[in-house]
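Structural overview for review
Listed below, chain by chain, are the residues.
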Amino acid sequence: QVQLVESGGGLVQAGGSLRLSCAASGSTSSSNVMGWYRQAPGKQRELVATIRSGDLTNYADSVKGRFTISRENAKNTIYLQMNSLKPDDTAIYYCFYRNSGSIRDYWGQGTQVTVSS
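Residues numbered from 1 in each chain as written. Predicted model: local features only at pLDDT ≥ 70, side-chain atom pairs only at ≥ 80, totals over all residues. Heavy atoms only, no water.

Re the nonpolar core
- Residues Leu4, Trp36, Leu80, Met82 and Tyr93 are the most contacted members of the largest nonpolar core, which totals 29 residues.
- Among the secondary structure elements, those contributing two or more residues to this core are β1 (2-7), β3 (18-26), β4 (32-39), β5 (46-52), β7 (67-72), β8 (77-82), β9 (91-99) and β11 (111-116). (Core = buried A, V, L, I, M, F, W, Y, C linked by side-chain atoms within 4.5 Å. Buried < 20%, exposed > 50% of the residue type's maximum accessible area, 1.4 Å probe, protein only. Helix = DSSP H or I, 4+ residues; strand = E, 2+ residues; numbered from the N terminus.)

A few points about the state of the cysteines
- Counted according to the given criterion, the structure contains 1 disulfide.
- In this model Cys22 forms its disulfide with Cys95; the gap between the sulfur atoms is 2.0 Å. Classification of the bridge connecting Cys22 and Cys95 rests on its S-S torsion, roughly -80 degrees, and on that basis the disulfide is left-handed. Note that Cys22 is positioned in strand β3 and Cys95 in strand β9, a separation of 73 residues in sequence.
- What makes Cys22 buried here is its relative accessible area of 0%.
- Of the residues examined, Cys95 reaches a relative accessible area of 0% and is grouped as buried. (Disulfide = S-S within 2.5 Å.)

Observations concerning the pairing of β11
- Burial along β11 is one-sided: the residues Thr111, Val113 and Val115 are buried and none of Gln112, Thr114 and Ser116 is.
- Pairing geometry for strand β2 (residues 10-13) and β11, over 4 bridges, is parallel. Across the sheet, the residue bridging to Gly10 is Val113, located in β11.
- Both β9 and β11 contribute to a ladder of 3 bridges, which runs antiparallel. (Pairing = 2+ DSSP bridges.)

Some thoughts on the sheet that holds β7
- Strand order in the open sheet formed by 4 strands is β1-β3-β8-β7, with antiparallel pairing between adjacent strands. The open sheet has two edge strands with one neighbour each: β1 and β7. If you compare each strand with its neighbour and ignore which way they point, the axes differ by 15 degrees on average. (Axes fitted to C-alpha atoms, helices over the stretch in contact; angles between N-to-C directions.)

A short note on the side chain of Thr77
- Topologically, Thr77 is positioned in strand β8.
- On the accessibility criterion, Thr77 (8% relative accessible area) is buried.
- A polar contact is formed between the side chain of Thr77 and the backbone oxygen of Lys75, at a distance of 2.8 Å.
- Beyond its immediate sequence surroundings of up to four residues, Thr77 is in contact with Cys22, Ala23, Ser70, Arg71 and Glu72. (Polar contact = N/O pair within 3.5 Å; in protein donor to acceptor, adjacent residues only side chain to side chain. Contact = heavy atoms within 4.5 Å.)

Details of unusual backbone geometry
- For Asp55, which is not glycine, the phi torsion reads 65 degrees and is therefore positive.
- Here Asp55 shows up in the loop between β5 and β6 (56-59).
- Positive phi is not limited to glycine here, since Ser84 has a value of about 50 degrees.
- Topologically, Ser84 is positioned in the loop between β8 and β9.
- Ser84 sits in the partly exposed class, given a relative accessible area of 40%.

Things to note about the packing of aromatic side chains
- Evaluation of the coordinates by the stated rule reveals 3 aromatic pairs.
- Seen from their ring centres, Tyr37 and Trp107 are 5.4 Å apart, and the 65 degrees between their planes marks the pair as edge-to-face. On the criterion of sequence distance, the pair formed by Tyr37 in strand β4 and Trp107 in strand β10 (residues 106-107) is long-range, its members being 70 residues apart.
- Exposure remark for Tyr37: the relative accessible area of 24% places this residue in the partly exposed category.
- On the basis of relative accessible area, Trp107 is assigned to the partly exposed category, the value being 36%.
- Between Phe96 and Trp107, the ring centres sit 5.7 Å apart and the planes meet at 40 degrees, which makes this aromatic pair tilted. Residue Phe96 is located in strand β9, and its partner Trp107 is located in strand β10; the two are separated by 11 residues in the primary sequence.
- Here the aromatic residues Tyr37, Phe96 and Trp107 are joined through ring pairs into a cluster of three or more. (Phe/Tyr/Trp six-rings, centres within 6.5 Å; stacked < 30°, edge-to-face > 60°.)

Keep in mind these numbers describe shape, not what the thing actually does.
Set out below in structure tokens:
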């Protein structure tokens, strides 16, 4: 089992910034992929960004140039720096974790991000 603890959500005005954190513990591996999805009211969950071992990153087109995902391996923690936030970024942001070679995903409890116009 892998446990994920998220933090850093909140309310911010359009154009502002927030940083989300997600710490993994339990049966983690040095070879993994972690990342963030988000779900807005009435919409499907969508991928925001991922980071793999070796710091390979991937971003949704809607956040490229504004969001940056990074990791601190010693703490099994990833971060999502969100700049130039827009009201459309309002959603619950969920962290996920997958050990390489596994088909099982683990999810955090979600953290609310609200961007006011």
